[in-house]
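What follows is the residue order along each chain.
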Amino acid sequence: MNECVFIYIKQTSNHRPPTHPPPIFHSFIMSSSDSDGVRDGNRLPWVTRMTVSFLSFVTDTSRRSNGTVNRRFLRFFDIRSPPTPDPKPNATGSRSVSTSDVTVDPSRDLWFRLFIPATASSAAPKSLPVLVFFHGGGFVFLSPDCFAYDAVCRKMARKIPAVVVSVNYRLSPEHRCPSQYDDGFDVLKFLDVNHDGVLPKAADLSRCFLAGDSAGANLAHHVAVRVARKGGSSSSSNLGAVRVEGLIAIQPFFGGEERTEAEMRLPRGPVVTVERTDWMWKACLPEGASRDHPFCNVSGTLAEDISGLEEFPDRTVVVVGGLDPLQDWQRKYYEWLRRSGKDARLLEYPRMIHAFYIFPELPDSTHLLTQLRDFIYNPTTNSNSNSPTTHCH
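Residues numbered from 1 in each chain as written. Predicted model: local features only at pLDDT ≥ 70, side-chain atom pairs only at ≥ 80, totals over all residues. Heavy atoms only, no water.

Student: Would you mind going over the overall build of the protein chain in detail, with residue names and values included?
Tutor: Each helix and strand counted, the protein chain has 11 helices and 9 strands in total. Counting over 393 residues, the protein chain shows a buried share of 56%. Taking the intrachain contacts of the protein chain between residues at least 6 apart in sequence as the baseline, contacts between residues at least 24 apart amount to 78%. Total accessible area on the protein chain is roughly 16700 Å²; 52% of this is exposed by carbon and sulfur atoms. (Helix = DSSP H or I, 4+ residues; strand = E, 2+ residues; numbered from the N terminus. Buried < 20%, exposed > 50% of the residue type's maximum accessible area, 1.4 Å probe, protein only. Contact = heavy atoms within 4.5 Å. Areas by Shrake-Rupley, 256 points an atom, 1.4 Å probe, with all protein chains shown as cover.)

Student: If you had to explain the pattern of salt bridges to someone new, which residues and values would you point to?
Tutor: Counted by the stated rule, this structure contains 26 salt bridges. Two residues, Arg113 and Asp101, come together in a salt bridge whose shortest N-O distance is 2.7 Å. One end of the pair, Arg113, is in strand S2 (residues 110–117); the other, Asp101, is in strand S1 (residues 97–105), with 12 residues separating them in the sequence. Across the pair Glu245 and Arg315 runs a salt bridge whose closest N-O atoms are separated by 2.6 Å. Residue Glu245 is found in strand S6 (residues 244–250), and its partner Arg315 is found in strand S7 (residues 315–321); the two are separated by 70 residues along the sequence. Overall, the relative accessible area of 12% leaves Glu245 in the buried class. Each of the salt bridges in this network shares a partner with another, and the network as a whole consists of Asp105, Arg108, Arg170, Asp183, Asp186 and Lys189. (Salt bridge = Lys/Arg side-chain N within 4 Å of Asp/Glu carboxyl O.)

Student: Outline the side chain of Asp328, listing residues and values.
Tutor: Looking at the element boundaries, Asp328 is found in helix H10 (residues 327–339). Among the polar contacts listed, one links the side chain of Asp328 to the side chain of Thr260, at a separation of 3.4 Å. Setting aside chain neighbours within four positions, we find Asp328 in contact with Thr260, Glu261 and Ala262. (Polar contact = N/O pair within 3.5 Å; in protein donor to acceptor, adjacent residues only side chain to side chain.)

Student: Kindly report on the sheet that holds S1, identifying the contributing residues and their values.
Tutor: One open sheet accounts for 9 strands, arranged S1-S2-S4-S3-S5-S6-S7-S8-S9; its pairing is mixed. Strands with a single pairing partner mark the edges of an open sheet, and in this sheet they are S1 and strand S9 (389–391). Looking at each pair of strands side by side, their axes are set apart by 20 degrees on average, direction ignored. As paired strands, S1 and S2 are joined by 8 bridges and run antiparallel to one another. Paired with Asp101 across the two strands is Arg113, which belongs to S2. This element, helix H6 (residues 179–198), spans S1, S2, strand S3 (128–134), strand S4 (163–168) and strand S5 (203–213) of the sheet and lies at about 50 degrees to S2. (Pairing = 2+ DSSP bridges. Axes fitted to C-alpha atoms, helices over the stretch in contact; angles between N-to-C directions.)

Student: With reference to specific residues and values, describe H10.
Tutor: Relative to the 18 Å expected for 13 residues at 1.5 Å per residue, H10 spans 18 Å between its end C-alpha atoms, a close match to the ideal helical length. Residues Gln327, Asp328, Trp329, Gln330, Tyr333, Tyr334, Trp336 and Leu337 constitute the buried set of H10. Once H10 finishes, Gly341 follows within two positions and takes phi at roughly 85 degrees, a positive value. (Expected span 1.5 Å × (residues − 1).)

Student: Kindly report on the packing of helix H5 (residues 147–159) against helix H11 (residues 363–377), identifying the contributing residues and their values.
Tutor: Any two packed helices are characterised by how steeply their axes cross, that is the angle between the axes, and by the distance between the axes. Closest axis-to-axis distance for the H5/H11 pair is 10 Å, and the angle between their directions is 50 degrees. The angle between H5 and H11 falls in the class oblique. For the pair H5 and H11, the crossing hand works out as right-handed. Residues Lys155, Met156 and Lys159 of H5 pack against Leu369, Leu372 and Arg373 of H11. For the contact of H5 with H11, the residue count by class is 3 nonpolar, no polar and 3 charged. (Parallel < 35°, antiparallel > 145°, perpendicular 65-115°, else oblique. Left-handed = near helix turned anticlockwise from the far one by under 90°. Nonpolar A, V, L, I, M, F, W, Y, C, P; charged D, E, K, R; others polar.)

Student: Describe the packing of aromatic side chains, naming the residues involved and giving the relevant values.
Tutor: Under the counting rule described, the total for this entry stands at 14 aromatic pairs. Ring centres 6.3 Å apart and planes at 40 degrees place the aromatic pair Phe139 and Phe253 in the tilted group. Here Phe139 is found in the loop between S3 and H5, whereas its partner Phe253 is found in the loop between S6 and helix H8 (261–265), with 114 residues between them in sequence. Residues Phe139 and Phe253 agree in their burial class; the two are buried. Look at Phe209 and Phe375: their rings are 6.2 Å apart centre to centre, the planes differ by 70 degrees, and that puts the pair in the edge-to-face class. (Phe/Tyr/Trp six-rings, centres within 6.5 Å; stacked < 30°, edge-to-face > 60°.)

Student: Outline the environment of Arg64, listing residues and values.
Tutor: When you line up the elements, Arg64 lands in the loop between helix H3 (46–62) and helix H4 (71–74). For the pair Arg64 and Trp279, spaced 215 residues apart in the sequence, the C-alpha separation amounts to 9.6 Å. Contacts of Arg64, omitting those with residues within four sequence positions, involve Val69, Asn70 and Trp279.

Student: For the confidence of the model for the protein chain, give the residues involved together with the corresponding values.
Tutor: On average, residues of the protein chain score 88 in pLDDT, and 84% of them are at 70 or above. Across residues 5–38 the pLDDT falls below 50, and counting only partners more than four positions away or on other chains, this stretch makes 60 contacts in the model. (pLDDT = per-residue confidence, 0-100.)

Here is the structure:
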């Protein structure tokens, strides 16, 4: 399975976290290559800033100049969460979310972590939506069992609520695109055939949502397009039980050869930098491809025409952060969806960095879950074409 890099600082209910970092961490935080972006986002708690700096240091150190990744080095910082098929009761005596790992194809290490909320045991049959989630990491890093994404998916399963399928897809540069898109689509085919033996009875695959953050949102989009094209053909790989109702693109990882205003204004992060994204695109795109390849620049001149794809998800929500260098590409994606005749909504978090949702100390991470729950459960309130953009805080 894949390496995960994440640092966790426990905050107990009996101790309020200090407003400023201890002196031992101050020089490390401010010496980070992300310091320009951190100054722009100085409202962030010191815990978040320290975590971002540490993450940046580890991932930057692991990336080699020849385009490969030092995965042996990453293993020193590998923090994983084991599955919990029978979770212990929490403080209130309730059991919140059970998890298990399901193998799809061992030859390519294709598997997913299944998150089932406790409410599923008493829920009516086919009453819970299924959220197929693809993690971020620039197509190069992270996995469903790393601490950060295990925690995010547990929270989604509990608070939305939904049955969450978090996919472990192949990583670059060892496996370039479209390997990741193949893996995502094959998981849907697996669920379509094996859902009775894998998913709880409360799961409703006819209310399936493809979701992802960063590179995972890129992956979710391309899988959605593939599903739509298969659905409009006589291919034997058509899906039966699975119907993709919606697409959730959280700060999607898109790009192009041109430099956008946000990339020039926020070239050094935090989390995402222009240098890092350039390296990752070179590592994951087909050999010799430029950043205007449709895998990367989905709304550019080489973009695939989706206007005639009737099976494309009924609705899409695109999440943007105001301190994310990728924000202009994300807005272009949203605008392209609208021009293509697709129902799309834009959620703007003006003060948030890339990947803000993995930091539980940020209130907007909880607010986003509320917005996603509304998007999933209240489709009529999300289809107002007169106000498709929501500015959050």
